[in-house]
Amino acid sequence: MGLFSKPIKSMDDLFQHMLQDIYYAEQQITKALPKMIAKAGDPQLKAGFETHLRETEGQIQRLEQVFQTLGQQPKGVRCAAMDGIIAEAEEIIGDTDDAEVRDAAMLAAAQAVEHYEITRYGTIIAYAQQLGRKDVVGPLQQTLEEEKATDKKLTSLAESRVNRKAA
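Below is a short write-up of the structure. Keep in mind the model is a prediction, meaning the values are calculated, not measured.

**Focus: the overall build of the chain**
Consideration 1: Counting secondary structure elements, the chain contains 5 helices and 0 strands.
Consideration 2: Whereas a compact globule of 167 residues would reach a radius of gyration of roughly 15 Å, the chain reaches 17 Å, a difference of no more than 12%.
Consideration 3: Here the chain holds 167 residues, and the buried ones make up 46% of them.
Consideration 4: Contacts in the chain between residues at least 24 apart in sequence constitute 78% of all its contacts with a sequence separation of at least 6.
Consideration 5: Per element, the accessible surface of the chain, about 8,500 Å² overall, is 52% carbon and sulfur.
Consideration 6: In the chain, which carries 20 positive and 26 negative side-chain charges, the distance between the mean positions of the two groups comes to 4 Å.

**Considering the environment of Gly58**
Consideration 1: With respect to the element layout, Gly58 can be found in helix α2 (residues 43-69).
Consideration 2: You can call Gly58 partly exposed: its relative accessible area is 23%.
Consideration 3: Taking C-alpha positions, Gly58 is 31 Å from Thr96, a pair spaced 38 residues apart along the chain.

**Some remarks on empty space enclosed by the protein**
Consideration 1: For the coordinates displayed, the defined rule picks out 1 cavity of 30 Å³ or more.
Consideration 2: Roughly 30 Å³ of volume is contained in the largest cavity.
Consideration 3: Taken together, Asp42, Glu100, Asp103, Val162 and Lys165 form the lining of the largest cavity.
Consideration 4: For the lining of the largest cavity, the elements supplying multiple residues, two or more each, are α4 (99-130) and α5 (137-166).
Consideration 5: Residue composition of the lining of the largest cavity, by class: 1 nonpolar, no polar and 4 charged.

**Some details on the pattern of salt bridges**
Consideration 1: Inspection of every chain in the model, using the stated rule, returns 7 salt bridges.
Consideration 2: Via salt bridges that share partners, Asp42, Arg161 and Lys165 belong to a single interconnected network.

**Some words on the side chain of Asp83**
Consideration 1: With respect to the helices and strands, Asp83 occurs in helix α3 (residues 80-94).
Consideration 2: Setting aside anything within four residues of it in sequence, one finds Asp83 in contact with Tyr24, Gln28 and Arg78.

**Things to note about a negative patch on the surface**
Consideration 1: On the surface, a cluster of negative charge is contributed by Glu88, Glu91, Asp95, Asp97, Asp98 and Glu100.
Consideration 2: Structurally, the position occupied by Asp98 is in the loop between α3 and α4.
Consideration 3: On the basis of relative accessibility, which here comes to 41%, the residue Asp98 falls in the partly exposed class.

**Describing the nonpolar core**
Consideration 1: Counting residues in hydrophobic clusters, the biggest one holds 48 residues, and the most contacted among them are Phe15, Leu19, Phe49, Met82 and Leu140.
Consideration 2: When residues of this core are traced back to their parent elements, those giving at least two are α1 (11-39), α2, α3, α4 and α5.
Consideration 3: When residues of this core are assigned to their parent elements, the largest contribution, 13 residues, is made by α4.
Consideration 4: Each residue touching Phe49, except ones within four places of it in the same chain, is listed here: Leu33, Met36, Ile37, Ala40, Met106, Leu107 and Ala110.

**Focus: the layout of surface pockets**
Consideration 1: There is about 220 Å³ of room inside the largest pocket.
Consideration 2: Forming the boundary of the largest pocket are 17 residues, of which Ala32, Met36, Ala89, Glu90 and Ile93 lie nearest the centre.
Consideration 3: Elements supplying a minimum of two residues to the lining of the largest pocket: α1, α3 and α4.
Consideration 4: Classifying every residue of the lining of the largest pocket gives 11 nonpolar, 2 polar and 4 charged.

**Description of the packing of α1 against α3**
Consideration 1: Look at α1 against α3: their axes get within 10 Å of each other, and the N-to-C directions meet at 10°. Judged by the inter-axis angle, α1 sits roughly parallel to α3. Here Tyr24, Ala25, Gln28, Ile29, Ala32, Lys35 and Lys39 of α1 lie close against α3, whose contacting residues are Met82, Asp83, Ile86, Glu90 and Ile93.
Consideration 2: In terms of residue class, the contact of α1 with α3 is made up of 7 nonpolar, 1 polar and 4 charged.

Procedures and definitions
- Residues numbered from 1 in each chain as written.
- Predicted model: local features only at pLDDT ≥ 70, side-chain atom pairs only at ≥ 80, totals over all residues.
- Heavy atoms only, no water.
- Helix = DSSP H or I, 4+ residues; strand = E, 2+ residues; numbered from the N terminus.
- Rg over C-alpha atoms; globule rule 2.2 N^0.38 Å.
- Buried < 20%, exposed > 50% of the residue type's maximum accessible area, 1.4 Å probe, protein only.
- Contact = heavy atoms within 4.5 Å.
- Areas by Shrake-Rupley, 256 points an atom, 1.4 Å probe, with all protein chains shown as cover.
- Lys, Arg positive; Asp, Glu negative; His and termini not counted.
- Charge placed at Lys NZ, Arg CZ, Asp CG, Glu CD.
- 1 Å grid on protein atoms, 1.4 Å probe; cavity = no way out; pocket = protein on both sides within 12 Å on 5 of 7 lines; lining within 4 Å.
- Points joined across faces, edges and corners; volume = space filled by probe spheres on them.
- Nonpolar A, V, L, I, M, F, W, Y, C, P; charged D, E, K, R; others polar.
- Salt bridge = Lys/Arg side-chain N within 4 Å of Asp/Glu carboxyl O.
- Patch = residues over 30% accessible without salt bridge, like charges linked within 9 Å, V, L, I, M, F, W, Y side chains within 5 Å.
- Core = buried A, V, L, I, M, F, W, Y, C linked by side-chain atoms within 4.5 Å.
- Axes fitted to C-alpha atoms, helices over the stretch in contact; angles between N-to-C directions.
- Parallel < 35°, antiparallel > 145°, perpendicular 65-115°, else oblique.

Distances and angles like these do not, on their own, reveal function.
See the structure below:
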């Protein structure tokens, strides 16, 4: 069975596995963000991470509502991709002595997280639609839009400020 908690035999099984995957991923993000907030030197970057932490907590609540709508208890399954992104970010951040370069590295790591979340939520929404689960599309779509907006904010912050200061 590998990393999966149970065999995936149907599209519904895959849909549920993906929900469990992103639920775990969001929880890991809430553990990583306070460390990034503490290490961020740029005030706008720090504020952006603080905002994203609050958003992520809301996204977890939304996922719990989706599980409830599906008649399931919220449950996560280990997400090797998110674990890898966070581990890589921690390694790079730990190896960076210059505060401005560290800010650029953390911002890049945050964007890697956002890009993963955007692809995962997009896939989950497509599966929900295919399975006729329109009742859960709204909350998932709201989260997807938040993830896209966060990515745009991070890009703007990188281009206008953080990467320039690090260069």
